[in-house]
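# Structural description and commentary
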Amino acid sequence: MVLNALLEDCSVNLAARKLNVTAPAISKSLNKIRALFNDPILVRSGTKLILTPKAIALKEDVRQLVNRIESMLNTNMAFEPHTTTVSFTIAANATIVFTLNALLFCEVQRSAPNVFINLVHDSDYDDDFLRSNDIDLYIGEMRDLNPEITIRTIHSAKCYFMCRCGHPILASDKSMDNLLKYHFVQTKEKYPPGTDEAAKYFWSARHVMGATPGYMATMNAITHSDALAIVPDFVVTTMKKLNVAVEFFSADFDLGKRSIIQAWHSKHNNSPCHKWLRDLTKGMFIDSMK
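This one's a predicted model, so the numbers in the text were calculated from it and none came from an experiment. (Residues numbered from 1 in each chain as written. Predicted model: local features only at pLDDT ≥ 70, side-chain atom pairs only at ≥ 80, totals over all residues. Heavy atoms only, no water.)

A word on the side chain of Asp136. Locating Asp136 in the fold gives a position in the loop between strand S4 (115–121) and strand S5 (137–141). Although Asp136 is buried, it makes no salt bridge; Lys267 carries the closest opposite charge, 7.6 Å away. In this structure the side chain of Asp136 is engaged in a polar contact, spanning 2.8 Å, whose partner is the backbone nitrogen of Thr89. Sequence-distant contacts of Asp136, that is, excluding residues within four places in its chain, are made with Ser87, Phe88, Thr89, Ala263, Trp264, His268 and His274. (Helix = DSSP H or I, 4+ residues; strand = E, 2+ residues; numbered from the N terminus. Buried < 20%, exposed > 50% of the residue type's maximum accessible area, 1.4 Å probe, protein only. Lys, Arg positive; Asp, Glu negative; His and termini not counted. Salt bridge = Lys/Arg side-chain N within 4 Å of Asp/Glu carboxyl O. Polar contact = N/O pair within 3.5 Å; in protein donor to acceptor, adjacent residues only side chain to side chain. Contact = heavy atoms within 4.5 Å.)

Printed below as a string of structure tokens:
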């Protein structure tokens, strides 16, 4: 475990924090590891520590070994929601965090009082985030993930146009030609190449007036202009529940759908507590769409 943490973080202090031990204890273990492998493992490069060639060669094998050990431990770990003390970190976009927020904490308080839930924004992490021990579960739109990550689709989201109240397009035909008379606000990193929207040219440079980091910011941007945006149905549901002064409409053509997924590291596949978390949040997300 110590070697894996050092190989992942290249830092004695970060490894100590991750394993909840002191930095001197990690330094002592590092000295033993160096003697065992007859290699320094970590060497100074300016103000940083970097991996030696041998450490780089070891990294993936050590990671897989630790994952197998954790998988075995998770499988045999008893879990009783009413009594077990455990913490989970869930990453999602701001809209899904808002959607799950009240439902999840209310249910945890009722049925799992010793469970701690930490909700974080997925935009704060790169696509490698589920490999570490930082995130237990991702809920959101499809994104590039590592091969060992398990993915299941929990919802197929229909897409809609969003505009300000009183927008001229509301009284017009919703044809491609009419829609392309307006600029669009793009929600950043939500439209990878090859999606239906990209194929229909909405996200060509000449039609996009700007990009925002999330759907709430996109909503705010379009309320102050004649720009349009494309959003999935869970955003529509959230905005309507909040009585936000925006309008939603369908086009005269199919905008396609987006897969909403849960994703987690495969080492948690058979963990009773992680399965409880996945099933609980899946049910809550589906119920929130009704």
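So, about the nonpolar core. In terms of nonpolar packing, the biggest core is built from 39 residues, with Phe88, Val115, Ile117, Ile139, Met162 and Trp276 touching the most fellow members. Considering each element in turn, this core owes the most residues, six residues, to helix H10 (residues 272–288). Every residue in contact with Met162, bar those within four places of it in the chain, is listed here: Thr218, Met219, Ile222, Ala227, Leu228, Ala229, Val231, Val246, Glu247 and Phe248. Membership of the second largest hydrophobic core comes to 16 residues, among which are Val12, Ala15, Ile26 and Leu58. (Core = buried A, V, L, I, M, F, W, Y, C linked by side-chain atoms within 4.5 Å.)

Let us look at helix H3 (residues 23–37). The terminal C-alpha atoms of H3 lie 21 Å apart, and with 15 residues this matches the ideal 21 Å at 1.5 Å per residue to within 8%. Along H3, the residues that are buried comprise Ile26, Leu30 and Ile33. All buried residues of H3 lie within an arc of 65° about the axis, which places them on one face of the element. In H3, the exposed positions that point more than 90 degrees away from the buried face belong to Pro24, Lys28, Lys32 and Ala35. The secondary structure elements touched by the buried residues of H3 are helix H1 (2–9), helix H2 (12–19) and strand S1 (42–45). (Expected span 1.5 Å × (residues − 1). Arc of directions from axis to C-beta.)

Where helix H5 (residues 94–111) contacts H10, the axes come no closer than 10 Å and their chain directions differ by 120°. If you check the angle between H5 and H10, you find them oblique. Seen along the crossing, H5 lies across H10 with a hand that is right-handed. Seen from H5, the contacting residues are Ile96, Thr99, Leu100, Leu103, Leu104, Glu107 and Val108; seen from H10, they are Trp276, Leu280, Thr281, Met284, Phe285 and Ser288. Class assignment for the residues of the contact of H5 with H10 results in nine nonpolar, three polar and one charged. (Axes fitted to C-alpha atoms, helices over the stretch in contact; angles between N-to-C directions. Parallel < 35°, antiparallel > 145°, perpendicular 65-115°, else oblique. Left-handed = near helix turned anticlockwise from the far one by under 90°. Nonpolar A, V, L, I, M, F, W, Y, C, P; charged D, E, K, R; others polar.)

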